[in-house]
Amino acid sequence: MLLGASLLGVLLFSWLVLKLPWTQVGLSLFFLYLGSGGWRFIRIFIKTVRRDIFGGTVLLRVKAKVRRYLRERRTVPILFAATVQRHPDKTALIFEGTDTHWTFRQLDNYSNSMANFLQAQGLASGDVVALFMENRNEFVGLWLGMAKLGVEAALINTNLRRDALLHCLTSSQARALVFGSEMAPAVLEIHANLNPSLNFFCSGPWEPSTVPAGTKHLDPLLEDAPKHQPSRPNKGFVDKLFYIYTSGTTGLPKAAIVVHSRYYRMAALVYYGFRMRPDDIVYDCLPLYHSAGNIVGIGQCLIHGMTVVIRKKFSASRFWDDCIKYNCTIVQYIGELCRYLLNQPPREAEGQHRVRMALGNGLRQCIWTDFCSRFHIPQVAEFYGATECNCSLGNFDGQVGACGFNSRILSFVYPIRLVRVNEDTMELIRGPDGLCIPCKPGEPGQLVGVIIQEDPLRRFDGYLNQGTNDKKIAGDVFKKGDQAYLSGDVLVMDELGYVYFRDRTGDTFRWKGENVSTTEVEGTLSRLLDMADVAVYGVEVPGTEGRAGMAAVASSSGSCDLEHLAQLLQKELPLYARPIFLRFLPELHKTGTFKLQKTELQKEGFDPTVVKDQLFYLDARKGRYVPLDQEAYTRIQAGQEKL
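Let us look at the structure shown here. Not measured: the values here are computed from a predicted model.

1. Section: the environment of Pro574
Then, number 1: Mapped onto the elements of the fold, Pro574 is located in the loop between α17 (562–572) and β28 (581–585).
Then, number 2: Judged by its relative accessible area of 30%, Pro574 falls in the partly exposed class.

2. Quick word on the pattern of salt bridges
Then, number 1: Going through the model one piece at a time under the given rule, you end up with 35 salt bridges.
Then, number 2: Measuring nitrogen to oxygen at the nearest pair gives 2.5 Å for the salt bridge that ties Lys148 to Asp108. Here Asp108 lies in helix α5 (residues 104–120) and Lys148 lies in helix α6 (residues 137–149), a separation of 40 residues in the sequence.
Then, number 3: In this structure Lys148 comes out as buried when scored by relative accessible area, which is 6%.
Then, number 4: Linked by salt bridges that have partners in common, Glu96, Arg311, Arg318, Asp321, Asp322 and Arg347 make up one network.

3. Some words on the side chain of Ser261
Then, number 1: Position of Ser261 relative to the elements: it lies in helix α10 (residues 260–273).
Then, number 2: Once residues lying within four places of it in the same chain are set aside, the contact partners of Ser261 are Phe237, Val238, Pro456 and Arg459.

4. As for the packing of α5 against α6
Then, number 1: Packing of α5 against α6 leaves a shortest axis separation of 7 Å and a crossing angle of 55°. With respect to each other, α5 and α6 are oriented oblique. In terms of crossing hand, the pair formed by α5 and α6 is right-handed. Residues Leu107, Asp108, Tyr110, Ser111, Asn112, Met114, Ala115, Leu118 and Gln119 of α5 form the contact with α6, whose own contacting residues are Glu138, Val140, Gly141, Leu142, Leu144, Gly145, Met146, Lys148 and Leu149.

5. Considering the sheet that holds strand β11 (residues 307–310)
Then, number 1: Ordered in space as β2-β1-β11-β10-β12-β13-β14-β15, the eight strands form an open sheet in which the pairing is mixed. Edge positions in the open sheet fall to β2 (100–103) and β15 (393–394), since each of these has one partner strand only.
Then, number 2: Where strand β12 (residues 330–334) lies against strand β13 (residues 357–361), five bridges are found, and the strand directions are parallel. Counterpart to Ile330 in the pairing with β13 is Met357.
Then, number 3: Its contacts with the sheet place α5 against β1 (91–95) and β2, and it is angled at close to 85° to β2.
Then, number 4: Together, β1, β2 and β11 form the strand contacts of α6, whose direction differs from that of β1 by roughly 130°.

6. Regarding the nonpolar core
Then, number 1: In this structure, Trp143, Tyr263 and Leu302 are the most contacted members of the largest nonpolar core, which totals 81 residues.
Then, number 2: When residues of this core are assigned to their parent elements, the largest contribution, nine residues, is made by α10.
Then, number 3: Counting residues domain by domain, this core receives three or more from each of domain 2 (73–313) and domain 3 (405–504).
Then, number 4: Ignoring anything within four residues of it in the chain, the contact list for Trp143 reads Val76, Leu131, Ala153, Leu155, Leu241, Phe242, Tyr263, Asn294 and Leu302.
Then, number 5: Core analysis: the second largest hydrophobic core is formed by 46 residues, Ala554, Phe584, Leu588 and Ala632 among them.

7. Examining the pairing of β11
Then, number 1: Residues of β11 alternate between two faces, with Thr307 and Val309 on one and Val308 and Ile310 on the opposite face, all of them buried.
Then, number 2: Bridge analysis of β1 against β11 gives three bridges, and the strand direction is parallel. Bridged to Leu93 within β11 is Val308.
Then, number 3: Here four bridges tie strand β10 (residues 281–284) to β11, and the two strands are oriented parallel to one another. Along β11, the bridge assignment pairs Tyr283 with Val309.
Then, number 4: Traced from β10 through helix α11 (residues 291–304) to β11, the parallel crossover comes out right-handed.

Definitions and cut-offs
Residues numbered from 1 in each chain as written. Predicted model: local features only at pLDDT ≥ 70, side-chain atom pairs only at ≥ 80, totals over all residues. Heavy atoms only, no water. Helix = DSSP H or I, 4+ residues; strand = E, 2+ residues; numbered from the N terminus. Buried < 20%, exposed > 50% of the residue type's maximum accessible area, 1.4 Å probe, protein only. Salt bridge = Lys/Arg side-chain N within 4 Å of Asp/Glu carboxyl O. Contact = heavy atoms within 4.5 Å. Axes fitted to C-alpha atoms, helices over the stretch in contact; angles between N-to-C directions. Parallel < 35°, antiparallel > 145°, perpendicular 65-115°, else oblique. Left-handed = near helix turned anticlockwise from the far one by under 90°. Pairing = 2+ DSSP bridges. Core = buried A, V, L, I, M, F, W, Y, C linked by side-chain atoms within 4.5 Å. Domains from an automatic or database assignment. Right-handed = clockwise from strand over helix to strand, strands pointing away.

Shown next as structure tokens:
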């Protein structure tokens, strides 16, 4: 920016004051530019201009539609109505579990029934209804029907039980709970602690003895409900649509607010950015209580008219068979799903599908190429984002390992930045002027996005609990008086503007004066251990600075060739990044979106009296891993072992 301003000043001075001819002005500017290091800009321009123009076009296209829908007070149900009108008899949803096909007209009628039924029950716009159900077509029809009435759905994670489930239901202030019959045991566990005025409706196979007293069977009630379009609620493009809960890996889940404009923006940027087509068929095996499954996936059905195949749960062994059966052209992934597929034995089906795109986030760079080549996937559509964030990124041109990009030519067009932070505390580092310090290429930093509440693309809707919002907002980031959303994630940008994910908040730890990326170590260990589940975290050791690396490895055999592993790690990882402690256990617990849960592992540490699994530590003198028994633990605690 400074160089550009200087060149503009020279241009105006030479032309207006010195009255030099244009040829002399142009040559002077050119040589001044090269003398100021401008050749790098020329290289960057040549390599990225096509990418940036396309990205800018996508952004402008979505922005124009957002402005129009904001002015016209469109909502997701209104956008869906237009989709139904375009092709009412096209297949909208397919549930793999029962091979149930719904057309857009059928989905429309089912959601109308839900809206009219709730209205007859006395619910109105602004009320909240909790939805606690495994993936199937009805899940989409139920929350869509609520939205047609203006009722806000609280989408509850089906893995939650007891205190966490009770917290989500009570904090949402729901007037009713709609649950699948498969979730009845979980509801029964907390029934006595719920508000007595809460209404219960069960969808699915009906067995009165297995549900709380007073529960009504929803399915026949919806069959008898009117199918006409309900009256339009007083809702606009930036009003609440539903709530999606965070995974709760660092505390109780928090309800992130999703407004209609956010739903549209997330679905549309993916659609246009990755060049999707209305005739694509999406394979969605991700949980529908999560934004990736319900917005990025189902959003393509509701807004752009695609057919979406819904699977109850991800199955590595059935994945490609399903894709072949339903002629899927796009598959969704998240987290470690791609690694699970690579870990499957080769089979004929993996080369007979029509899939042209894998869409998602969290594909590790170390397996990216292997995934594409083995399964013959021409395009990986990797993106970065969170339900509540305003600084999403997209890897529109398939740069291996990148989760997105930001233009180096016109960086101000998309107001996001990587800013310097203390990676131990994630505290923002500020300059003498009090503003945040932008990261240079190759320098890790936290991703932040300017908040402009009047702009649906830049607004921050936050959480239902307003107290939580303060932790995600910082002031005086780009300029005095501004506000920015804090992603909490550390990323790195290269010279061309490609952005690479580094670590989640709290996952990076410091050892031997260096920051250790758990993501990098997990990827390396998993690859060396035949794609095993690996969780890496830092543990405190008395008398040492920082935290020592510890890796929990899911292994059915309980161990591996530790001497060979130590030799491989010497070649693959720097000294400070090699795990000091190893723990072998039967399996690692994961969230419904395949995030590894490390909190309990970290609390248990490496104490053999607490941990009953096999433990090993890296003996610095022997250069290999040896068993960690009580005697060795005592020596380490006393500082008698060199780590």
